[in-house]
Amino acid sequence: MCGRFTLTTADELEERFGIISAYLPEQIETSFNIAPSQPVLSVIHDGKNKRMGHLRWGLIPRWAKDEKIGHKLMNARAETLAEKPSFKKPFQTQRCLIIADGFYEWKKRDGGKGKQPYRIHLKDEKYFAFAGLWEKWTPPTGEAVFSCTIITTEANELMNEIHHRMPVIINPKDEVAWLDPMQSNTNELQHLLRPYPAGDMQAYPVSSAVSSPKNNDPELIKPISI
DNA sequence: CCAGACGTTGTT
DNA sequence: GTCTGG
DNA sequence: CCAGACGTTGTT
DNA sequence: GTCTGG
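Residues numbered from 1 in each chain as written. Chains lettered and ligands numbered in written order. Predicted model: local features only at pLDDT ≥ 70, side-chain atom pairs only at ≥ 80, totals over all residues. Heavy atoms only, no water.

- An unreviewed UniProt entry lists chain A under the name Abasic site processing protein, with Salipaludibacillus keqinensis given as the organism.
- What the UniProt record of chain A gives under Sequence similarities (unreviewed entry) is the line "Belongs to the SOS response-associated peptidase family." (UniProt positions renumbered as here; feature names shortened; annotations may be inferred.)

1. Quick notes on the sheet that holds strand β1 (residues 5–7)
Right, so step 1: Taking strand neighbours across the sheet as the criterion, the five strands line up as β2-β1-β7-β8-β12 in an open arrangement whose pairing is antiparallel. Across the chains shown, the open sheet's two edge strands, defined by having one partner strand only, are β2 (31–34) and β12 (201–205). Mean inter-strand twist for the sheet, computed between neighbouring axes without regard to direction, equals 30°.
Right, so step 2: As judged from the five bridges shared by strand β8 (residues 115–122) and β12, these two strands associate in the antiparallel manner. In the strand pairing of β12, L122 is matched with M201. (Pairing = 2+ DSSP bridges. Helix = DSSP H or I, 4+ residues; strand = E, 2+ residues; numbered from the N terminus. Axes fitted to C-alpha atoms, helices over the stretch in contact; angles between N-to-C directions.)

2. Quick look at the environment of L179
Right, so step 1: Take L179: it is sitting in helix α3 (residues 175–179).
Right, so step 2: Sequence-wise, L179 and T93 are 86 residues apart; in three dimensions their C-alpha atoms are separated by 8.8 Å.

3. Remarks on the packing of aromatic side chains
Right, so step 1: One pass over the full model with this rule turns up seven aromatic pairs.
Right, so step 2: The interplanar angle of 45° and the centroid separation of 6.1 Å between the aromatic rings of Y104 and W106 together place this pair among those described as tilted.
Right, so step 3: W106 sits in the partly exposed class, given a relative accessible area of 26%.
Right, so step 4: For the pair W134 and F146, a centre-to-centre distance of 6.3 Å together with 35° between the ring planes defines the contact as tilted. With W134 in strand β9 (residues 128–137) and F146 in strand β10 (residues 145–154), the pair connects residues that are 12 residues apart, well separated along the chain.
Right, so step 5: A relative accessible area of 9% places W134 in the buried class.
Right, so step 6: By relative accessible area, F146 is classed as buried at 9%.
Right, so step 7: Taken together through their ring pairs, the aromatic side chains of F5, W57, F103, F128 and F130 make up a single cluster.
Right, so step 8: Over the ring of F17 we find R16; its NZ or CZ atom is 4.2 Å from the centre of that ring.
Right, so step 9: Geometry around W178 places R95 over its ring, the cationic atom sitting 5.7 Å from the centre. (Phe/Tyr/Trp six-rings, centres within 6.5 Å; stacked < 30°, edge-to-face > 60°. Buried < 20%, exposed > 50% of the residue type's maximum accessible area, 1.4 Å probe, protein only. Lys NZ or Arg CZ within 6 Å of the ring centre and 35° of its normal.)

4. A few points about the side chain of S147
Right, so step 1: Tracing the backbone through its elements, the reader meets S147 in strand β10.
Right, so step 2: A polar side-chain atom of S147 sits 2.8 Å from the main-chain amide nitrogen of I60. (Polar contact = N/O pair within 3.5 Å; in protein donor to acceptor, adjacent residues only side chain to side chain.)

5. With respect to the protein's contact with DNA strand C
Right, so step 1: Around DNA strand C, the neighbouring residues are W63, P85 and K88.
Right, so step 2: For DNA strand C, the fraction of protein-proximal atoms (within 4 Å) that sit in sugar or phosphate groups is 9%. (Near = heavy atom within 4 Å.)

6. What to know about the pattern of salt bridges
Side-chain pairs of opposite charge can arise where the charged atoms are in close proximity.
Right, so step 1: Taken as a whole and assessed by the stated rule, the structure comprises eight salt bridges.
Right, so step 2: A salt bridge links E79 to R77; its shortest N-O distance comes to 3.8 Å.
Right, so step 3: For E79, a relative accessible area of 39% translates into the label partly exposed.
Right, so step 4: In this structure R77 comes out as partly exposed when scored by relative accessible area, which is 43%.
Right, so step 5: A salt bridge links D174 to R194, with the shortest nitrogen-to-oxygen separation between them at 3.4 Å. Residue D174 is located in the loop between β11 (165–167) and α3, and its partner R194 is located in the loop between α4 (186–191) and β12; the two are separated by 20 residues in the primary sequence. (Salt bridge = Lys/Arg side-chain N within 4 Å of Asp/Glu carboxyl O.)

Below is the structure:
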């Protein structure tokens, strides 16, 4: 679940997320099918300002010897964030938003083999933000890598028809609280990680989740740095 | 104590 | 780095 | 998450 | 079947 999503335009992002121009990335990548290990558009709070930039999807813990562990850490269960060694510290101080306008989920076809992909988005078709955690990893040689994971929770009534888990979409009024690095009351933070209201979402089957060319130009990656 | 994992999903 | 299992 | 590969030797 | 890359 939560293995692919979309960000198809970059219009009015700074207004929607309240980013001042000095903290915007030089370029924003858009895609119909963003996969783990690719750069994803994110917002963090550096203690003073909100900053927008790209993070690599698949969290690499600070202590990792090999970046490959990031291939496994693209999702984090909301229920256990405070306990897991890889997520504990990021949950306390390194929370982020990951910007999207849709995501995919695959429903197993009854009886037989195969899966049917569904595209899910908000009824108003607007941007939303996944709850995420970010981390900075410095390899033995070379530049630091800024990476992130997307938090999952139980499915709401809409998603439950497709799958039993779904990514956490933060209620817009809670975005500031989620990002605030000074907020360390994990009980309150945990409360923000609930299934988004089903009535505000819609889902429909699609023929394929893969529909756009990928862009692998590493020059486009502009990691957030603090 | 050291050694080894550190994650989720879904499937069995 | 920190936790778990042996 | 899905899609796609899954291998080596030796030659250019 | 299982791993890797995107």
